[in-house]
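So you can see what is in the structure, the chains are spelled out below.
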Amino acid sequence: MKKILIAASMFAAFPLLINAAEVVEGRVIKYPLNVRAGAGMKYTAVAQLTKDNPVRIIAVGSEWLEIAAPENSRVWVLARLVKNGKLAANVNLRSGPGTGYEAVGLGRRGTAVKVHGQATASGWLQIDALKNTTFYVGRPAIEVDSNALKKLPKLGGKRPLPNQDLITLEGNFISDGKTVRRSGYLYESEDNIKTITHVLYQVKGDELAPEYFVVPHREKLTGFNGKKVNVMGEEYKVKNWDMPVLVVKRIVESK
């Protein structure tokens, strides 16, 4: 049988550099101004700007402007991927401490980072936003030369909205995320728990024994119900739960 592949979008497409020639300067005139992870009010507020704060605009929409990360803004990254002050792998930079938050930039392996505070219980660190991180502000709040804006590109596709149910669940994680690869049988969950869509079972003698509560990262898993699968994802222990959670990043049907 042909293998079916679902891969969560682990690395969004971000500009590696923000070219100074493609940036237009503006300033805040309506304040306090929330800076958001996406072009819309439903996206996570990541910072706040006051009157006359400068902004560096890199793309234009009818209601929103995409801007380079303001000075002193911060993002989140998995703590285990920061070693000796540098990123140990290519990784999404997120607007909050969990995979449910929006990806706002890409951190390249070997990049030096400045860490703030200690890791959360689920293993996330806050760092200074890197140069390729971009956020959004409402267009009416910014004073800018309208003719200069015409030279900038239009806003591209929308970022996925934050997964609020997953964010709530991540707030109860009591262990660092651990990358695991498992094979087993996937069945829809009969428990009435938000975000938990399936359970991964292992063969134990003549029976199937549950091993993980399963959470899809972005993709639905309905096409794999009742099938033997190979899964790669992040394992977390959850407060007061008798089984860990597996946040699926990649899944294929097993032969």
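Residues numbered from 1 in each chain as written. Predicted model: local features only at pLDDT ≥ 70, side-chain atom pairs only at ≥ 80, totals over all residues. Heavy atoms only, no water.

Before going further, it helps to spend a moment on the environment of Pro244. Mapping Pro244 onto the fold places it in the loop between strand E19 (227-236) and strand E20 (245-253). Between the C-alpha atom of Pro244 and that of Asn84, which follows or precedes it by 160 residues, the distance is 30 Å. The contact partners of Pro244, leaving out residues within four places of it in the chain, are Glu211, Tyr212, Phe213, Glu235 and Tyr236. (Helix = DSSP H or I, 4+ residues; strand = E, 2+ residues; numbered from the N terminus. Contact = heavy atoms within 4.5 Å.)

Here the focus is the packing of aromatic side chains. The geometry of an aromatic ring pair is captured by the separation of the ring centres together with the interplanar angle, meaning the angle of the planes. A full pass over the atoms with the stated rule returns three aromatic pairs. Measuring from centroid to centroid gives 4.3 Å for Phe173 and Tyr236, while their planes differ by 10°, and the two rings are stacked. Of this pair, Phe173 sits in the loop between helix H2 (164-170) and strand E16 (178-188) while Tyr236 sits in strand E19, and the two are 63 residues apart along the sequence. By relative accessible area, which is 2% here, Tyr236 ends up buried. Summarising the aromatic geometry, the rings of Phe213 and Trp241 are spaced 5.2 Å apart at their centres and angled 75° between planes, so their arrangement reads as edge-to-face. With Phe213 in strand E18 (residues 207-216) and Trp241 in the loop between E19 and E20, this residue pair connects regions lying 28 residues apart in the sequence. (Phe/Tyr/Trp six-rings, centres within 6.5 Å; stacked < 30°, edge-to-face > 60°. Buried < 20%, exposed > 50% of the residue type's maximum accessible area, 1.4 Å probe, protein only.)

Next up on the list: a nonpolar patch on the surface. A surface patch of nonpolar side chains, about 250 Å² in accessible area, is lined by Tyr187, Val203 and Leu208. As for its position among the elements, Leu208 is in strand E18. (Patch = residues over 30% accessible without salt bridge, like charges linked within 9 Å, V, L, I, M, F, W, Y side chains within 5 Å. Areas by Shrake-Rupley, 256 points an atom, 1.4 Å probe, with all protein chains shown as cover. Salt bridge = Lys/Arg side-chain N within 4 Å of Asp/Glu carboxyl O.)

For the rest of this paragraph, the subject is the confidence of the model for the chain. Here the chain shows a mean pLDDT of 90. Residues at 70 or above account for 91%. Within the model, pLDDT remains below 50 along residues 1-17, and this stretch shows 41 contacts once partners closer than five positions in the same chain are excluded. (pLDDT = per-residue confidence, 0-100.)

Now for the environment of Glu71. Mapping Glu71 onto the fold places it in the loop between strand E6 (64-68) and strand E7 (74-78). For Glu71, a relative accessible area of 71% gives the class exposed.

Take Glu234: it is sitting in strand E19. For Glu234, the side chain forms a polar contact with the side chain of Arg80, separated by 2.6 Å. Here the side chain of Glu234 touches Lys178 through a polar contact of 3.5 Å, landing on its backbone nitrogen. Beyond its immediate sequence surroundings of up to four residues, Glu234 is in contact with Arg80, Gly177, Lys178, Thr179, Val245, Leu246, Val247 and Lys249. (Polar contact = N/O pair within 3.5 Å; in protein donor to acceptor, adjacent residues only side chain to side chain.)

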